[in-house]
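A look at the structure
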Amino acid sequence: MLRTLKSAGFKAYLVGGLVRDRLRGKPGGDFDVATNARAEQVQKLFRKVIPTGIQHGTVTVLTKNDKVEVTTFRGEGAYADGRRPDSVVFLDDVKEDLARRDFTMNAMAFDPLGQEFVDPFGGARDLEARIIRCVGKARDRFSEDGLRPLRAVRFASILGFDIDPETREAIPATLSTFNKIALERVREELSKMVVGPQPSRGVRLLHETGLLQAILPEAAQGDFERTLARLDACPPRLEVRHAALLFAISPEQAQAAMERLRHPRAVIDRTAALVRFESYALKAYADDAGLRQALSPVGRVFIEDVLALGAAEARASGDASLRATCEETSRRTQAVLDARPALTVGELALNGKAVMAILGGGQGPLVGEALRYLLGEVLRDPAANVPATLENLLQKWRLERGSAAGPVK
Ligand code: ATP
Ligand code: MG
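Structure report, in brief. (Residues numbered from 1 in each chain as written. Chains lettered and ligands numbered in written order. Predicted model: local features only at pLDDT ≥ 70, side-chain atom pairs only at ≥ 80, totals over all residues. Heavy atoms only, no water.)

Our next topic: the overall build of the chain. Secondary structure assignment for the chain yields 22 helices and 11 strands. Its C-alpha radius of gyration of 29 Å places the chain more than 25% over the 22 Å reference for a compact globule of 409 residues. Summarising its shape, the C-alpha atoms of the chain cover approximately 90 × 50 × 40 Å along the three principal directions. When burial is assessed residue by residue, the chain has 48% of its 409 residues classed as buried. The long-range fraction of contacts in the chain, counting pairs at least 24 apart against all pairs at least 6 apart in sequence, stands at 64%. (Helix = DSSP H or I, 4+ residues; strand = E, 2+ residues; numbered from the N terminus. Rg over C-alpha atoms; globule rule 2.2 N^0.38 Å. Buried < 20%, exposed > 50% of the residue type's maximum accessible area, 1.4 Å probe, protein only. Contact = heavy atoms within 4.5 Å.)

Here is the structure:
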């Protein structure tokens, strides 16, 4: 890949996260290549090329094993809107390309063929010292592109690094630029951060710098320290971690917050459901019947995350008896689920049609009511979930309800 570009007489370097992560001894990550070849010239050199962002000089080259983003060295014109440069200029020197990048650790280039390492801003030194520092003046860089402050916090959180004081002080100073950026871009960075190893680090930074107020003020409601502890105690799954952040508010408010950040529908719904069932695992249940009743609306699909969220809250509370309750409820939930009981109307041994036949009426609200009654009985006693028993129960129910439950003729 690099060889092809170099054989054709161009300069070519690995750049961005890959160089940073290799230097940290963490190989992997996506391949980003910077070159002085123009996008059209790159297209001619390779067989499979996707014109990802040709006007910005970026194409994606598909090789046997990799997808490589190849971008022409470029500089950026003024940023009038705090989001995108007004223009880009293509350049011949990698150093000038590195100057437009966000942080020193992200502004290094490496040419493995020529064994040339280009690090004009001390990225390797900062990486060693575990410091996130803007390339150039932080206030200027954050005023150009409002996403950068959030990226600084994201990297600090994921890597466990500190933000250099000048860079950090520039965050509250440039909040007005931050507020202009598209929430989709915010969501991408926030999501990467939230599933990291110690998200409380980032959320605390967001809080201290004013970013949290701008992104997700809901997360600051309630006991913030407890929210941070709960967050870290959750498994690194997007919805559970978000539910941990939105624990103090109602499911409807959680839903609205997730919608505002333009999460995909499935993520929004799942997070709101987790908030709705957040207390399930924190309660003690007198018997298995009570447990099954509480479990029925939660359902099998959510239960693992519901238990994980409850366990995280129990840990964050520091309350030993709450932890014991939660562990007991989790254990019993597993045992109950292992017996594969019916938890929904759909799992009853009689379906709506059969119920209609027995009641002798047509469709109507009565059928739903009857099915819910039967489910209640089955949740109490799973052994009742056979057609004959349900039919008997249904006949009894009809008699007890009197004429109201009879067929309307
Ligand atoms: P990740 O491991 O999350 O992919 P990354 O550093 O590769 O981290 P990308 O978003 O893939 O992040 O960006 C690739 C490179 O592009 C960065 O390393 C940085 O040099 C540059 N870059 C990305 N976003 C910006 C930005 N908003 N402003 C300036 N430079 C940026
Ligand atoms: Mg990357």
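As a further point, take the site of ligand 1. Looking at ligand 1, there are 15 residues lining it, with Arg20, Asn106, Asp145, Arg148 and Arg154 nearest. Here Arg20 contributes a side-chain N or O atom positioned 2.7 Å from an oxygen atom of ligand 1. Here a nitrogen atom of ligand 1 sits 2.7 Å away from a polar atom, N or O, in the side chain of Arg148. Across the complex, the protein chains shield 77% of the 580 Å² of accessible surface that ligand 1 would expose by itself. (Near = heavy atom within 4 Å. Polar contact = N/O pair within 3.5 Å; in protein donor to acceptor, adjacent residues only side chain to side chain. Areas by Shrake-Rupley, 256 points an atom, 1.4 Å probe, with all protein chains shown as cover.)

The interhelical angle for the contact between helix H13 (residues 224-233) and helix H18 (residues 300-317), taken along N-to-C directions, is 135 degrees, at an axis separation of 8 Å. Classified by the angle their axes make, H13 and H18 are oblique. In terms of crossing hand, the pair formed by H13 and H18 is right-handed. Of H18, the residues touching H13 (which contributes Arg226, Ala229, Arg230 and Ala233) are Leu309, Ala312, Glu313, Arg315, Ala316 and Ser317. (Axes fitted to C-alpha atoms, helices over the stretch in contact; angles between N-to-C directions. Parallel < 35°, antiparallel > 145°, perpendicular 65-115°, else oblique. Left-handed = near helix turned anticlockwise from the far one by under 90°.)

Bringing the packing of aromatic side chains into the picture now. One pass over the full model with this rule turns up four aromatic pairs. Ring geometry for Tyr13 against Phe73: centres 6.3 Å apart, planes inclined by 40 degrees, an arrangement best described as tilted. Residue Tyr13 is found in strand S1 (residues 12-15), and its partner Phe73 is found in the loop between strand S5 (67-72) and strand S6 (74-76); the two are separated by 60 residues along the sequence. Taken as a pair, Tyr13 and Phe73 share a single burial class, namely buried. (Phe/Tyr/Trp six-rings, centres within 6.5 Å; stacked < 30°, edge-to-face > 60°.)

What follows is about the nonpolar core. Core analysis: the largest hydrophobic core is formed by 108 residues, its most contacted members being Ile215, Leu216 and Tyr280. No other element matches helix H21 (residues 365-380), which puts seven residues into this core. Sequence-distant contacts of Leu216, that is, excluding residues within four places in its chain, are made with Leu190, Leu245, Leu246, Ala257, Arg260 and Leu261. Among the nonpolar cores identified, the runner-up in size contains 11 residues, and Phe73, Leu98, Ala107 and Val118 belong to it. (Core = buried A, V, L, I, M, F, W, Y, C linked by side-chain atoms within 4.5 Å.)

Quick look at helix H11 (residues 199-209) now. Owing to its 3.6 residues per turn, the α-helix brings residues three or four apart onto one side. Restricting attention to buried positions, one finds in H11 the residues Pro199, Ser200, Gly202, Val203, Leu205, Leu206 and Thr209. Phi for Gly210, located one or two positions after H11, is positive at around 90 degrees.

Quick look at the pairing of strand S3 (residues 49-53) now. Judged from the three bridges that link them, S3 and strand S4 (residues 58-62) form a sheet pairing that is antiparallel. Bridge pairing in S4 links Ile50 to Thr60. Counted along the chain from S3 to the antiparallel partner S4, the turn is four residues long, and its residue Gly57 has a positive phi close to 85 degrees. (Pairing = 2+ DSSP bridges.)

With that settled, the discussion passes to the packing of helix H7 (residues 148-159) against H11. One way to put it is that H7 packs onto H11 with a least axis distance of 8 Å and a crossing angle of 150 degrees. Relative to H11, the element H7 lies roughly antiparallel. The handedness of the crossing between H7 and H11 is right-handed. The residues of H11 that touch H7, namely those facing Leu150, Val153, Ala156 and Ser157, are Pro199, Arg201, Gly202, Leu205 and Leu206.

Summed over all chains, the structure comprises 36 salt bridges. Residue Arg141 pairs with Glu144 through a salt bridge whose shortest N-O separation is 3.0 Å. Placement of the pair is Arg141 and Glu144 together in helix H6 (residues 138-144), with a separation of three residues, close to one helical turn. For Arg260, the salt bridge is made with Glu218, and the minimal N-O distance between the two is 2.7 Å. (Salt bridge = Lys/Arg side-chain N within 4 Å of Asp/Glu carboxyl O.)

Okay, the side chain of Asn36 next. Examined against the element boundaries, Asn36 turns out to sit in the loop between strand S2 (31-35) and helix H3 (39-45). Overall, Asn36 belongs to the buried group, its relative accessible area being 15%. Of note is the side chain of Asn36, whose polar atom sits 2.8 Å from the backbone nitrogen of Lys11. Side-chain polar atoms of Asn36 contact the side chain of Asp92, separated by 3.0 Å.

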